[in-house]
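# Architecture at a glance
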Amino acid sequence: MGLPSWAQAQGFDQAVDHFFANTFGWFVDLIFYSVPIAGTQFPLIAGWLMLAAMVFSVYFGFPQLFKAKLALDIVRGRYSNPKDREPGEVSHFQALTTALSGTVGLGNMAGVGVAVAIGGPGATFWMIIVGLFGMATKFTECTLGVKYRTVLPSGAISGGPMYYLRDGLAERGLPRLGKLLAAGFALMAVLGALGGGNMFQGNQANAMIVQTFDLPTGYGWVVGLILALLVFGVMLGGMPKIGAVTARLVPWMAFLYIGLTAAVLIVNFERIPQALTSILDGAFRAEGVAGGVLGALIQGLKRATFSNEAGVGSSAIAHSAVKTKEPVTEGLVALLEPFIDTVVICTMTALVITIAGINMGPYPNPTGLSGIELTSAAFQETAAWFRYPLALAVVVFAVSTMISWGYYGLKAWTYLLGESRLSDATFKLLFCSFVVVGASINFGAVINFSDAAIFAMSIFNLIGVYLLAPVVKAEYKQFLAKIESGALKPYPKVKPSRPAMV
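Residues numbered from 1 in each chain as written. Predicted model: local features only at pLDDT ≥ 70, side-chain atom pairs only at ≥ 80, totals over all residues. Heavy atoms only, no water.

## So, a nonpolar patch on the surface
How we decide: Patch membership requires more than 30% relative accessible area and the absence of a salt bridge. Residues of like charge join within 9 Å; the nonpolar side chains Val, Leu, Ile, Met, Phe, Trp and Tyr join within 5 Å. For accessible areas, the Shrake-Rupley method is used with a probe of radius 1.4 Å. Any residue's cover is judged against the shown protein chains and nothing else. Should a side-chain nitrogen of Lys or Arg be within 4 Å of a carboxyl oxygen of Asp or Glu, the pair is scored as a salt bridge. Helix and strand assignments follow DSSP, with helices taken as H or I runs no shorter than four residues and strands as E runs no shorter than two, numbered in order from the N terminus.
A surface patch of nonpolar side chains, amounting to about 700 Å² of accessible area, comprises Tyr219, Trp221, Val222, Leu225, Ile226, Leu229 and Leu230. As for its position among the elements, leucine 230 is in helix H10 (residues 220-235).

## A short note on the confidence of the model for the chain
Parts of the model with low pLDDT should not have their predicted coordinates read in detail. Rule in force here: The score called pLDDT rates the predictor's confidence residue by residue, from a low of 0 to a high of 100. By definition in these notes, contact holds between two residues if any of their heavy atoms fall within 4.5 Å.
Mean pLDDT over the chain: 82, with 85% of residues reaching 70 or higher. Within the chain, the lowest mean pLDDT, 72, falls on helix H13 (residues 292-308), and the highest, 95, falls on helix H8 (residues 161-171). pLDDT under 50 marks residues 494-502. Its contacts with residues more than four places away, or in other chains, come to 0 contacts.

## Some points on empty space enclosed by the protein
Put simply, the rule reads: A cavity here means a set of points on a 1 Å grid, drawn over the protein atoms and nothing else, where a 1.4 Å probe fits but cannot get out; a pocket is an open set with protein on both sides within 12 Å along at least five of seven lines, and a residue lines either one if it has an atom within 4 Å of a point. Grid points are joined across faces, edges and corners, and a volume is the space filled by probe spheres set on the points.
Within this structure, the stated rule accounts for 1 cavity of 30 Å³ or more. Roughly 50 Å³ of volume is contained in the largest cavity. Leu49, Met50, Ala53, Val130, Gly134, Thr305, Asn308 and Ala310 are the residues that line the largest cavity. Going through the elements one at a time, helix H2 (44-59), helix H7 (122-147) and H13 are the ones with two or more residues in the lining of the largest cavity. Broken down by element, the lining of the largest cavity gets its largest block of residues, 3 residues, from H2.

## Describing the packing of aromatic side chains
Worth spelling out the cut-off: In this scheme Phe, Tyr and Trp rings, the latter by its six-membered ring, pair at centre separations within 6.5 Å, and the angle between planes marks the pair as stacked below 30 degrees, edge-to-face above 60, and tilted otherwise. In this scheme, the term charge over a ring applies when either NZ of a lysine or CZ of an arginine sits within 6 Å of the ring centre and within 35 degrees of the ring normal.
Under the counting rule described, the total for this entry stands at 21 aromatic pairs. Joined through ring pairs, the aromatic side chains of Trp48, Phe56, Tyr59, Phe60, Phe139, Tyr466 and Tyr476 make up one cluster. In this arrangement the basic side chain of lysine 147 is found over the ring face of tyrosine 148, its NZ or CZ atom lying 5.6 Å from the centre. If you follow lysine 473 out to its NZ or CZ, it ends over the ring of tyrosine 59, 4.1 Å from the centre.

## Focus: the nonpolar core
In a soluble, globular protein the nonpolar side chains are often hidden away together inside. The test is simple: In this description, a nonpolar core means a group of buried Ala, Val, Leu, Ile, Met, Phe, Trp, Tyr and Cys residues linked to one another through side-chain atoms lying within 4.5 Å. Buried residues are those whose accessible area, probed at 1.4 Å on protein chains only, stays under 20% of the maximum for their type, while exposed residues exceed 50% and partly exposed ones sit between those limits.
If you look at the biggest cluster of nonpolar residues, it comprises 139 residues, and the most contacted ones within it are Leu332 and Phe431. Here this core takes 19 residues from helix H20 (residues 444-485), the largest share from any one element. Residues contacting phenylalanine 431, with those up to four places away along its chain left out, are Ala193, Leu194, Gly197, Asn198, Val231, Met235, Met402, Trp405 and Gly406. Among the nonpolar cores identified, the runner-up in size contains 11 residues, and Ala275, Ile279, Leu351 and Ile355 belong to it.

## A look at the environment of valine 395
Relative to the helices and strands, valine 395 resides in helix H18 (residues 387-417). Sequence separation between valine 395 and methionine 208 is 187 residues; the distance between their C-alpha atoms is 7.9 Å. Leaving out residues up to four positions away in the same chain, valine 395 has contacts with Ala205, Ile209 and Leu227.

## Some details on H7
Our working rule: By this rule, a helix spans an expected 1.5 Å times one less than how many residues it contains.
Over its 26 residues, H7 runs 39 Å from end to end, which matches the ideal 38 Å to within 8%, given 1.5 Å per residue. In terms of residue burial, H7 counts as a mostly covered element, since 21 of its 26 residues are buried.

## Overview of H18
An α-helix turns once per 3.6 residues; consequently, residues spaced three or four apart project the same way. In a regular helix each residue adds 1.5 Å, so 31 residues correspond to 45 Å; H18 covers 44 Å between its end C-alpha atoms and thus fits that length. The element H18 is largely enclosed, with a buried count of 26 among its 31 residues. One or two residues past the end of H18 sits glycine 418, with phi positive at roughly 100°.

## Focus: the packing of H8 against H18
Here is the rule: Helix axes use the C-alpha atoms of the stretch in contact, all axes being lines fitted to C-alpha atoms, and the angles between their N-to-C directions lie in the range 0 to 180 degrees. Every angle not falling under 35 degrees, over 145, or within 65 to 115 is termed oblique; those three ranges are roughly parallel, roughly antiparallel and roughly perpendicular. Three classes are used: nonpolar for Ala, Val, Leu, Ile, Met, Phe, Trp, Tyr, Cys and Pro, charged for Asp, Glu, Lys and Arg, and polar for all others, with Gly counted as polar.
Relative to each other, H8 and H18 sit at 40°, their axes nearing to 10 Å. Between H8 and H18, the crossing angle belongs to the class labelled oblique. Along the contact surface, H8 presents Met162, Tyr163 and Arg166, while H18 presents Lys411, Ala412 and Tyr415. Broken down by class, the residue content of the contact of H8 with H18 amounts to 4 nonpolar, no polar and 2 charged.

## Quick word on unusual backbone geometry
Despite not being glycine, phenylalanine 62 has its phi angle at roughly 55°, a positive value. Tracing the backbone through its elements, the reader meets phenylalanine 62 in the loop between H2 and helix H3 (63-66). Classification of phenylalanine 62 as partly exposed rests on a relative accessible area of 26%.

## A look at the packing of H7 against helix H12 (residues 272-284)
Two quantities define a packed helix pair, namely the angle between the helix axes and the distance between the axes. In contact at an axis separation of 6 Å, H7 and H12 are set at 80° when each is read in the N-to-C sense. Put simply, H7 runs roughly perpendicular to H12. Touching Gly122, Thr124, Phe125 and Trp126 of H7 are Ser278, Ile279, Leu280, Gly282, Ala283 and Phe284, all from H12. Residue composition of the contact of H7 with H12, grouped by class: 6 nonpolar, 4 polar and no charged.

Structure below.
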């Protein structure tokens, strides 16, 4: 029996897409429901996420501004007792890199390309502002993730919105609402993990490889199989293995991508002031942009909230596995994510695009480039060979995202079906098989559905986080009181001992 032909595969793609479009199209339209504002469409889900970021920033006194140094000290291990066996599986740094590997990815490249193509350079400014506010949301949800996590008999950790929605709201006298929100979140997390956190990543990695190296199409299953084996090998080791891999992978992939953008900025150093001027002018004047200043703001808001996932709740699953007795320590670590993801990496991408001068208005330009094509073309304006390391960055971004979302989906799956070896193994095999499928075929409507599921997670999550915010505030006050009283002190750096002289 021969392999299915390309035409048969295309027919299968279309049949599945048709089924999802007809069956779940209403769900996608509901989650991404948009209203016309000043000549452009504004998705209400983006407003829902941004409102939470602003509320939590004010409610907690802007911890992203006033506790940044403390957060950096915690990441460096200054408040971790090296002699104390704290509950958890990974260090603060490993938890941060695991969560970052789920958010730093194609959104930082393709998403920024969309924002600049439609909203002009000014969208970059608003992306930065939204990213700064989103840091407070991450602080809130990840503090809750640690506080209400479950330590299994094996020592493994299960945590995240499923647990703080169920247990936290039960403490506040709302057990039924908590269970409903937790189940809804977990279901959406499984669907989102299999689609946007898996199939889409494999599909885009394969597409980038084919485009960069001019390879024949139809062999995506080979790329998918290789990626699936890599992901399965990491997932097999559980959170300690995931944390160890991402602790090495995330700094490396960030260095690679930031190195490429830095090379572009150095070569075009004289154009940086003009690019910054274009960004600031576009933020407050936005001439030629659909919707003017509001249109640029909306594009920045959409791409920033879609990039760093603040409010979605996914990162709280990774951060809940940290080794700590103080939930607030991990909340402070987590607030660094939107800064790294949106303020640093997305801004550098936008600068590269703006300096290249491609697609520079009027916006939106239907004949111009957008998304990953715009970002890729912008890098190649400096050097054509940049497409090779850029392709490598895309693949690494995709793999790291799949690893993290595999863990998120697994925890949501075992929450729904119970903790067991069979349940664990079933999801891992299912997830990795979807990697192969995603790299082999094109499922537009399936990806739209999974993206909607990811952002539906924020609806269930933020309702609970609003209700549990006073719990976080009490924890925050207690933690700061311990710091101020000296009950919690940074541990001195331990220097490696030298061998005794004979």
